[in-house]
Amino acid sequence: MKTIITRFLMCCILFAVSFVTSFAADKLILIGDAAPDGWALNNSVAMLNQGNDVWKVTVQLKADEGFKFLTDTDFGSFQYRAGDSDVMLSDGVAATLYDSGENANDNKFKVSEAANYDVVCDLINKTVTVTKSAYQEHALRYAALWMVGGATPGGWSIGDGVQLNQHEDNPLVYSATTWLTTGEFKLATNKYADFGQSMFQRDAADATKMVLGGDDNKWNITEPATYDVEVNVADMTISLKKHYDGFKADCMLILGDAVKSGWDMSNSVAMLEGEPGVWTATVYLAADQGFKFYAENDIFNGFQYRAAGEENVTLAEGAATSLVSSEVNRNDSKFQVAEAGNYVITCDLNAGTITVKKADYQDNEIVYAALWLVGDATENGWDLGQPVVLAQDASNPMVYTATADLKEGELQVVVNKFTNYNSDVYVSDATDATKAIRVNKDSEKNNWKITEAGKYDVKLNVLDNTMSIIKNVPSAISSVNANGEQALVEYYTLEGMRVNQPVKGIYIMRQGNKVVKVSNK
């Protein structure tokens, strides 16, 4: 019996030790006489998780006053504090954190000089570090603010509030870009506390002003939209502006299960703009799979164009169908086609329509609407804003071509010019420069090299992964055709392959209807 009890006690002890060493905080607050609101739990200082259980806040601390850290707004919660005695922290020097499970002494940390400090708690390594902030102009109190209310995505749940982050250049200014629907909101100062905390609310006399505490006056949103929200706690002002007022799409990216690149934003299908506001792409679409369009390189919050209504829409070939923005329809409705194939997709943003038509070419599945040539061998170097467009060949859209002025240097082919070098690229096979290989952004890249400046015809075939970079030399003109026009001279090898610039050897020369064998010495 004694053995059983001993084993039971040992298991309990091991469980307790395991709990203490494996405890991962989902919230952390700074509290104490050194804090702006002392020991008030609801107005304690909320810290922000930086990842890997490292928490941070920039806040003013009073000199020679104590503070510690709680994992909830409850004095009985798991805590982090000093060890056997109070600890005076030195600027930039890490000190040991002791948790309440290993040390029962309620000792605190202090600073010797009142100032704004960057306070960092590393809960894995059990350290706390305070460093004087670069900003000392005004006292800082909040790591962030949180929008709560019926107008916000999280409703009246403070824990799900929209976080407004401090500006780096002015930590008294907090901002966020968020969708707001019709309804009310106010601003919480601690996402871990309840509604007993002091909150920023609308000034009853001026909706651009705010007050801390007081009457429960809220801001009211009357028009649903994505808003830029900015709060200045120094002059107690708030600004709400529609984020997409006057928005013009600078790109149109196709994403979805219907396209070969799926939901991979980096390698998404980039459409081409012809007339202003009219975007096209000829690519493969799988049957009965959804797709939509992004006008920003942001898969989570980017401006989108999608189907109207609450359900996916199957497009009829050749029929213009309503195309609406994510500001108009918050339902994530997509388009689809009934039959798999290569389609010419046209989005007319001026008319608000999408049209799909089966392409003439159906031999192979088309992945890209275009590709882009970049590198210091091109006129605009590595600038993705001005690359050389490799357009689909009209007769074979698996081939992408361009004629470009190139100089000595290197070049590669980018899959998507709108995703900041995060897309895959085509580069030269290390053993054969006529072969192309597709690699991701982190791979070692063997770029093609141009050794002589000039005008070049560039051709990439993504079906057989071949690359051709040939100097573009105008054919000689030395005869006149039946209409009185000068006929172009064309050269072919004895095997029938056309060449742009004959070198030493024997060739077939054709000029109009005249075909002769010539020797180039």
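In the block above lies the structure referred to throughout.
Just so you know, these numbers come straight off a predicted model, no measurement behind them.

1. Details of the packing of aromatic side chains
- In total, this model carries 18 aromatic pairs according to the counting rule given.
- A ring pair is formed by Phe-291 and Phe-293, whose centres lie 5.8 Å apart and whose planes are at 85°; its orientation type is edge-to-face.
- A relative accessible area of 0% places Phe-291 in the buried class.
- Phe-293 gets classed as buried once you look at its relative accessible area, which sits at 0%.

2. Regarding the environment of Val-231
- Checked against the element boundaries, Val-231 lands in strand β20 (residues 225-232).
- A residue is classified by how much of its surface remains accessible, and Val-231, at 0% relative accessible area, is buried.
- Along the sequence, Val-231 and Leu-187 sit 44 residues apart, while their C-alpha atoms lie 9.6 Å from each other.
- Val-231 has contacts with Leu-145, Leu-164, Leu-172, Val-173, Tyr-174, Leu-187, Met-210, Thr-237 and Ile-238, leaving out every residue within four places of it along the chain.

3. With respect to unusual backbone geometry
- Here the phi dihedral of Asp-64 falls at roughly 60°; this positive angle occurs in a residue that is not glycine.
- Non-glycine residue Asn-420 carries a positive phi angle of around 55°.
- In this structure, Asn-420 sits in the loop between β36 (409-414) and β37 (425-429).
- Take Asn-420: its relative accessible area is 54%, and that puts it in the exposed class.

4. Let's talk about the sheet that holds strand β12 (residues 127-132)
- In space, the 5 strands of this open sheet follow the order β3-β4-β11-β12-β8, with antiparallel pairing throughout. Each edge of the open sheet is held by one strand with a lone partner, namely β3 (48-51) and β8 (95-96).
- Across 8 bridges, strand β4 (residues 54-61) lies against strand β11 (residues 115-122) in antiparallel orientation. Each residue of the ladder has a partner; that of Gln-60, found in β11, is Asn-116.

5. Some thoughts on the nonpolar core
- Membership of the largest hydrophobic core comes to 53 residues, with the highest contact counts inside it found for Ile-254, Phe-293, Ile-345, Leu-371 and Tyr-426.
- What Leu-371 contacts, discounting residues up to four positions off in sequence, is Val-388, Val-389, Leu-390, Tyr-400, Val-413, Val-414, Val-415, Tyr-426, Leu-460 and Val-462.
- Counting residues in each nonpolar core, the second largest holds 41 residues, with Val-59, Ala-82, Leu-89 and Leu-97 among its members.

The rules behind these values
- Residues numbered from 1 in each chain as written.
- Predicted model: local features only at pLDDT ≥ 70, side-chain atom pairs only at ≥ 80, totals over all residues.
- Heavy atoms only, no water.
- Phe/Tyr/Trp six-rings, centres within 6.5 Å; stacked < 30°, edge-to-face > 60°.
- Buried < 20%, exposed > 50% of the residue type's maximum accessible area, 1.4 Å probe, protein only.
- Helix = DSSP H or I, 4+ residues; strand = E, 2+ residues; numbered from the N terminus.
- Contact = heavy atoms within 4.5 Å.
- Pairing = 2+ DSSP bridges.
- Core = buried A, V, L, I, M, F, W, Y, C linked by side-chain atoms within 4.5 Å.

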